[in-house]
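An overview of the molecular structure
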Amino acid sequence: MACLIKPCLSFLTITFRRSRFSRFSVVSAEADNMKNSHHQNLSSSFLALDFETANSNGYSVCQIGIVKVMFGVVTERVSILVKPPTNEYHYYNTKVHGITPMNTRNAPTFDEVWDDISHFFEGQTVVAHNVKFDFTCLAKTLDFYRIPHPKYVKKCTYVIYKKGLKKLCDEFEIHLNHHDALSDAEACAMLYMKHLGL
């Protein structure tokens, strides 16, 4: 596992490059101070999630984007390419997100990465921009691989704002590489933090 450490202002950014996924951990004195201060608020700690799929099947996840927020500060970003069952893609899906069978032919399957990411979900607040899509994908993929479902609280920024993700990002001047799972998850995290007044 190669590790690249890059100091940035008050942050220390550590990038892990693995065969399984890219993980970006951000350690901040601000997050540490917030955790230990009287302003501590568990509602400001949550996970933002986004899935991209290879075809119309909800269990055909081909990319996972995860952004972890602790006490109002982004602490981790995770992007994972996943090989969907049979590695079968529909033309429309590839047109939307740009991921092809070549990109995932050697990628791990969902059940192979679940142990690496399951701790993000259990007992947490999980936020997505479209609960009908993302949480359905999670449930169907877990069922496909016969993996027990974690217990977590669901939140939806689409329900909160009643607007599409791209329109909201334009409105709030949030950077978005739409339909990249990590970028969508990070935008969702920013929108939920705004909703919380952070």
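The sections below set out a description of the structure shown in this document. Nothing here was measured: the structure is a model prediction, and the numbers come from that model.

If charged atoms from side chains of opposite charge come close, those side chains can pair. Summed over the entire model, instances satisfying the criterion amount to three salt bridges. With its nearest N and O atoms 2.8 Å apart, the salt bridge here joins K163 to E171. Between D170 and K166 there is a salt bridge whose closest N-O contact spans 3.3 Å. With D170 and K166 both in helix α7 (residues 165-172), this residue pair falls four residues apart, about one helical turn.

Further remarks concern the pairing of strand β5 (residues 61-70). Counting buried positions along β5 gives eight out of ten residues, so the element sits mostly inside the fold. Looking at chain direction, strand β4 (residues 46-53) and β5 are connected through eight bridges and run antiparallel. When the sheet's bridge partners are listed, E52 is paired in β5 with Q63. Summarising the sheet, β5 and strand β6 (residues 73-81) pair through eight bridges and their orientation is antiparallel. Each bridged residue has a counterpart across the sheet, and for K68 the counterpart in β6 is E76. With antiparallel pairing between neighbouring strands as the criterion, β5 and β6 make up a hairpin whose turn holds two residues, including F71 at a positive phi of roughly 50°.

Throughout the structure, instances matching the rule amount to nine aromatic pairs. Seen from their ring centres, F110 and W114 are 5.6 Å apart, and the 25° between their planes marks the pair as stacked. One end of the pair is F110 and the other is W114, both in helix α4 (residues 110-117) and four residues apart, which spans about a single turn. In terms of burial, F110 and W114 fall into one category: buried. Among the aromatic residues, those joined into a ring-pair cluster are Y59, F110, W114, F121, F135, F144, Y145 and Y152.

Across its 15 residues, helix α8 (residues 181-195) extends 21 Å between first and last C-alpha, which sits within 8% of the 21 Å expected from 1.5 Å per residue. Burial of α8 is extensive: eleven of the 15 residues sit out of reach of the surface. What α8 keeps buried is the set A181, L182, S183, D184, A185, A187, C188, A189, L191, Y192 and M193. Two residues or fewer after α8 comes G197, characterised by a positive phi angle close to 80°.

Moving on, we get to the pairing of β4. Within β4, eight of the eight residues are buried, which leaves the element mostly enclosed by the surrounding structure. Taking every second residue as pointing to the same face, both faces of β4 are buried, with F46, A48, D50 and E52 on one and L47, L49, F51 and T53 on the other. The pairing of β4 with strand β7 (residues 125-128) spans two bridges and is parallel. Looking at β7, one finds that A48 is bridged to V127.

So, how was this worked out
- Residues numbered from 1 in each chain as written.
- Predicted model: local features only at pLDDT ≥ 70, side-chain atom pairs only at ≥ 80, totals over all residues.
- Heavy atoms only, no water.
- Salt bridge = Lys/Arg side-chain N within 4 Å of Asp/Glu carboxyl O.
- Helix = DSSP H or I, 4+ residues; strand = E, 2+ residues; numbered from the N terminus.
- Buried < 20%, exposed > 50% of the residue type's maximum accessible area, 1.4 Å probe, protein only.
- Pairing = 2+ DSSP bridges.
- Phe/Tyr/Trp six-rings, centres within 6.5 Å; stacked < 30°, edge-to-face > 60°.
- Expected span 1.5 Å × (residues − 1).

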